[in-house]
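Coordinate inspection notes
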Amino acid sequence: MLFACSYSVKDSSLWRSTHKNRINMAFKSEDHLDSLPLPVQRMHLIQVDSVQRWMEDLKLMTDCECMCILQSKPISIEKDEQNELILSSQYSTCDNLELLLKRAWIISTELTRIAQKLEKNRWQRVHSMTVRVNCHVRSMINEYNTFTRNSSEEMHQFEKLLIDKCSEFTAITERCIQTEDEQILKSMKSCINETLTTVAQYFGQLIELVLTHEAQNLLRQIELSDSMYITESAISSLFSLTQEGAHLCRIIAKEGGVVALFKICRQDCFRCLYPQTLRTLASICCVEEGMHQLEKVDGILCLADILTDNSHSEATHAEAAAVIAQITSPHLTFTQHLSSFLENMEEIVTALVKLCQEASSGEVFLLASAALANITFFDTMACEILLQLNAMKILLAACSDKHIVDTPYSRDQVVTILANMSVLDQCASEIIQGNGVQLLMEMLFERSSSGNSAEVAACERVQQKSAVTLARLSRDPQVADAAVKLSCIPRLIKLCRSPTERNNSDSVLVACLAALRRLAVMSPDGLEDSDFQQLVKPRLVDSFLLCTNMEESFV
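Values in this document were obtained by computation on a predicted structure and should not be read as measured data.

Counting its secondary structure elements, the chain contains 29 helices and 0 strands. The 555 residues of the chain split such that 51% are buried. Restricting the contact set of the chain to residue pairs at least 6 apart, pairs at least 24 apart contribute 74%. Total accessible area computed for the chain in this model is approximately 26500 Å², and 52% of it derives from carbon and sulfur atoms.

Right, let's talk about the nonpolar core for a bit. With 155 residues, the main nonpolar core has Ile324 and Ile327 as its most contacted residues. The element that contributes the greatest number of residues to this core is helix α9 (residues 182-224), accounting for 16 residues. Residues contacting Ile324, with those up to four places away along its chain left out, are Leu303, Leu307, Phe341, Ile348, Leu352, Ala371 and Ile375.

Before going further, it helps to examine helix α28 (residues 529-536). Burial in α28 covers these residues: Asp531, Leu535 and Val536. Here the buried residues of α28 occupy an arc of 75 degrees about the axis, which is enough to place them on one side.

A word on the environment of Arg103. Note that Arg103 resides in helix α6 (residues 96-119). Residue Arg103 is classed as buried on the basis of its relative accessible area, which comes to 0%.

Where helix α26 (residues 488-497) meets helix α27 (residues 506-522), the axes come as close as 9 Å, and the angle between the chain directions of the two elements is 145 degrees. Read as a crossing pair, α26 and α27 show a hand that is left-handed. When α26 is examined against α27, the residues Cys488, Ile489, Leu492, Ile493, Leu495 and Cys496 are found in contact with a partner set consisting of Leu509, Cys512, Leu513, Ala515, Leu516 and Leu519. When its residues are assigned to classes, the contact of α26 with α27 shows 12 nonpolar, no polar and no charged.

Below, the discussion takes up the side chain of Asn134. As for its placement among the helices and strands, Asn134 is situated in helix α7 (residues 123-147). Within the local environment of Asn134, its side chain forms a polar contact with the side chain of Arg138, the two groups lying 2.9 Å apart. Setting aside anything within four residues of it in sequence, one finds Asn134 in contact with Cys166, Ser167 and Thr170.

The geometry of a pair of packed helices is captured by two quantities: the angle between their axes and the separation between those axes. Taken N-terminus to C-terminus, the directions of helix α10 (residues 228-242) and helix α13 (residues 274-284) make an angle of 25 degrees; their axes are 9 Å apart at the nearest point. Of the possible angle classes, the one that applies to α10 and α13 is roughly parallel. Crossing of α10 against α13: the hand is left-handed. The segment α10 lies against α13, with Glu232, Ile235, Ser236, Leu238, Phe239 and Thr242 engaging Gln276, Thr277, Arg279, Thr280, Ser283 and Ile284. Looking at the contact of α10 with α13 residue by residue, the classes come out as 4 nonpolar, 6 polar and 2 charged.

Let us look at the packing of aromatic side chains. Applying the stated rule across the entire model yields 2 aromatic pairs. With a centroid separation of 6.3 Å and an interplanar angle of 70 degrees, the aromatic rings of Phe158 and Tyr202 are classed as edge-to-face. With Phe158 in helix α8 (residues 153-176) and Tyr202 in helix α9, the pair connects residues that are 44 residues apart, well separated along the chain. Phe158 gets classed as buried once you look at its relative accessible area, which sits at 15%. Consider the rings of Phe341 and Phe378, whose centres lie 5.1 Å apart with planes at 85 degrees: the pair is edge-to-face. Taken as a pair, Phe341 in helix α17 (residues 339-358) and Phe378 in helix α18 (residues 362-378) lie far apart in primary sequence, 37 residues in all. Above the ring of Phe445, the side-chain terminus of Arg491 is found at 4.1 Å from the ring centroid.

Cut-offs used in this document
Residues numbered from 1 in each chain as written. Predicted model: local features only at pLDDT ≥ 70, side-chain atom pairs only at ≥ 80, totals over all residues. Heavy atoms only, no water. Helix = DSSP H or I, 4+ residues; strand = E, 2+ residues; numbered from the N terminus. Buried < 20%, exposed > 50% of the residue type's maximum accessible area, 1.4 Å probe, protein only. Contact = heavy atoms within 4.5 Å. Areas by Shrake-Rupley, 256 points an atom, 1.4 Å probe, with all protein chains shown as cover. Core = buried A, V, L, I, M, F, W, Y, C linked by side-chain atoms within 4.5 Å. Arc of directions from axis to C-beta. Axes fitted to C-alpha atoms, helices over the stretch in contact; angles between N-to-C directions. Left-handed = near helix turned anticlockwise from the far one by under 90°. Nonpolar A, V, L, I, M, F, W, Y, C, P; charged D, E, K, R; others polar. Polar contact = N/O pair within 3.5 Å; in protein donor to acceptor, adjacent residues only side chain to side chain. Parallel < 35°, antiparallel > 145°, perpendicular 65-115°, else oblique. Phe/Tyr/Trp six-rings, centres within 6.5 Å; stacked < 30°, edge-to-face > 60°. Lys NZ or Arg CZ within 6 Å of the ring centre and 35° of its normal.

If you want it as structure tokens, here you go:
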């Protein structure tokens, strides 16, 4: 609610564990104080001259990270050090922007935890965490100013506002731990909440300005530099930013990222950078702002030119296919304005079919087939073009090569294309000739080998779409007869009756019931009476409820 700008950081546990020992050593000298009452601890610190001298010397030090470690160690009986988030300033191999995002994520997380502790009136923890946030904010600003250049006046103003508000926040929470009067604490709670909200707002606005500034710097390098090395480095940094979430993609798109990257894709001197550039474009185009920019710069025409140019490498073609897959994704709600796509669709589909046919690896085939699958949702004319291009034969042949179609994700794309093409009457004969019914039968047995949730979901989609394709194609007697001979009916019955076979998926159950009913019409002798009475004769919804009740009875 408070923190609109929350930036995810991948593998945050890695850098936390890396510096755990060093941080523990820094705290070790204070550990003997934890068992003492708080006033005694403070008195102990005051009486020790060496500590006093050390604290005086500390004022002259500029290493904010040392201050962060010292101040964020709570002198408290609460043992929740495992929840403390400390970031090392030793980052010789760490990218500056990545460090900034890590620091921002830490601050955002700490602010959320302060709000949680405040709700529980844990005043000691609220204060110690506030001190820690204060240190992290100062460290972030200090670190950023060491590597940035040409910071705007507005940014400096927000830095000062945030630092001042954090100091005020620390002072307020310190007053809270100095009193035990419940009425005073209750009256101060609303003030703390208000200050916390303001800190979060200033922090979010500052991060927005910083990321916008960095995106502008990178795009300026891409647009103005003639150096291959500088351009490649800037594109690489830009791609890293896009991986931090949709919010950063919007910032990059608004600052002209799509325009700058397509400019690279139109210059022959940067051909070796095309794959990296297209990969970055695909990431940016996951947001509406990126799509609008792509349309404005005739990006579809540029992608069509790249895909149809045989002089480009397979890697370049594959990344161009990835951009097409992204902008035609059926999950996006803002693809309707891509009018130029329809004008170039035949050329693009032809190039993608060729890429599927000539793919040298499973990854290339996956990208090309995913683009084709999305296009079949995007416009029905694509299915007719695919039929004319013998795409059915090419896809079925690819599925027999386990080095090319090697994952459930690839089979998901293939069966999606088959399901969407199966609405055409001419498709049935193509399926028969390419031994497609056998492939659909095999897909009904699709199971995850790893247990990974994404792979399990892909397997469910393969089962569902293969059943849907069978249901649609079985209106043709030849297809239905081939399906019956391949024992599709027993397999469909098992998927309906056994929840574990379909991974408890309702969508697979509905598709299998529909396919079973279509085949039962064409071949009623293939079912036992009990199966017919329970799975075919009743209304579809009643059979569905019966099968889901079977699932409950096993629990």
